[in-house]
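# Working through the structure, step by step
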Amino acid sequence: MKKWKTIKSEYLFRRPWLTARLDQIALPDGRVIPEYYVLEYPDWVNVIAITRDGQFVMERQFRYAAQMDSIELPCGVAEQGEDPLEAARRELMEETGYGGGTWTKLMTIYANPGSLNNPTHCFLAEGVEKCSAPKLDATEELTVELMSREQVFSLLSNNQLIQALMIAPLWKYFAETSKKIPNPE
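This structure is a prediction, so every number in the text was calculated from the model and none was measured.

The next point concerns the nonpolar core. Within the largest apolar cluster, 23 residues are counted, with the highest numbers of intra-cluster contacts made by Ile48, Phe56, Met58, Val152, Leu170, Tyr173 and Phe174. Put simply, the parts of the chain that give this core at least two residues each are β4 (44-51), β5 (56-63), β9 (102-110), β10 (119-130), α2 (149-157) and α3 (164-176). With five residues, α3 is the single largest residue contributor to this core. Non-local contacts of leucine 170, meaning those with residues more than four positions away in its chain, are made with Ile48, Phe56, Leu73, Val152, Leu156 and Leu161. Formed by 13 residues, the second largest nonpolar core is a distinct cluster that contains Val47, Phe123, Ala125 and Val128.

Structural data, given as structure tokens:
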């Protein structure tokens, strides 16, 4: 596929957590899209964190935009210039107090590459341990819950996890460790 060309770009809104941009685009065949909107966000990270005894470190929090409680993986924003792995380690420690373990990059995905420009870097941390109390940001309100492999798989297979950027790496994890997937009877 040939790349689209930016003819003109204008920022409509700039904030630390959201930037809206209006571009005028030329398609490879010469057609012009006069208004193409792009939302810019920092890179995101999430972590499938599993303790030494096989418990998944999960979080429960209220999600305002969806107006519902959500069970999620530890996650957050990579600071400008921060290595995604270091951001994931920092977010896990800050939000849950868990750290250490063996880390593997699972995947990099995009929520909607048609209008959002940021990737989500997904990691697996195995053998994590409780190191400290969580150090939440002033606007964070969450509880940490340890769940068995069977509990997480049940939530996943029964559509009780709602965050698509977390569901994808969880399905990948369970697919790659399928010999250990419980029967969801």
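Now for the packing of α2 against α3. Running from N to C, α2 and α3 point in directions that differ by 125°, and their axes come no closer than 11 Å. Classified by the angle between their axes, α2 and α3 sit oblique to one another. Helix-helix and strand crossings are classified by hand; for α2 and α3 the assignment is left-handed. Contacts from Arg149, Val152, Phe153, Leu156 and Ser157 of α2 reach α3 at Ile167, Leu170, Trp171, Tyr173 and Phe174. Tallied by class, residues from the contact of α2 with α3 come to eight nonpolar, one polar and one charged.

Time to look at the packing of aromatic side chains. Summed over all chains, the structure comprises eight aromatic pairs. With a centroid separation of 5.8 Å and 80° between ring planes, the pair formed by phenylalanine 56 and tyrosine 173 is classed as edge-to-face. Pair noted here: phenylalanine 56 is in strand β5 and tyrosine 173 is in helix α3, with a separation of 117 residues, a long-range link. Given the relative accessible area of 8%, tyrosine 173 is considered buried. Each residue in the set Phe56, Phe153, Trp171, Tyr173 and Phe174 is aromatic and connected to the rest through ring pairs, giving one cluster. When the ring centre of tyrosine 11 is taken as reference, the NZ or CZ atom of arginine 14 above it lies at 3.7 Å.

When you line up the elements, threonine 143 lands in strand β11 (residues 142-147). Each C-alpha atom of the pair threonine 143 and glutamate 59 lies 5.6 Å from the other, and the pair is 84 residues apart in sequence. The contact partners of threonine 143, leaving out residues within four places of it in the chain, are Met58, Glu59 and Arg60.

This part covers the environment of isoleucine 48. If you trace the backbone, isoleucine 48 turns up in strand β4. Judged by relative accessible area, isoleucine 48 falls into the buried class, the value being 0%. Residues isoleucine 48 and alanine 20, 28 residues apart in the sequence, show an inter-C-alpha distance of 30 Å. Aside from chain neighbours lying at most four places away, what touches isoleucine 48 is Phe56, Leu73, Leu106, Phe123, Leu124, Ala125, Pro169, Leu170 and Tyr173.

Definitions and limits used
- Residues numbered from 1 in each chain as written.
- Predicted model: local features only at pLDDT ≥ 70, side-chain atom pairs only at ≥ 80, totals over all residues.
- Heavy atoms only, no water.
- Core = buried A, V, L, I, M, F, W, Y, C linked by side-chain atoms within 4.5 Å.
- Buried < 20%, exposed > 50% of the residue type's maximum accessible area, 1.4 Å probe, protein only.
- Helix = DSSP H or I, 4+ residues; strand = E, 2+ residues; numbered from the N terminus.
- Contact = heavy atoms within 4.5 Å.
- Axes fitted to C-alpha atoms, helices over the stretch in contact; angles between N-to-C directions.
- Parallel < 35°, antiparallel > 145°, perpendicular 65-115°, else oblique.
- Left-handed = near helix turned anticlockwise from the far one by under 90°.
- Nonpolar A, V, L, I, M, F, W, Y, C, P; charged D, E, K, R; others polar.
- Phe/Tyr/Trp six-rings, centres within 6.5 Å; stacked < 30°, edge-to-face > 60°.
- Lys NZ or Arg CZ within 6 Å of the ring centre and 35° of its normal.

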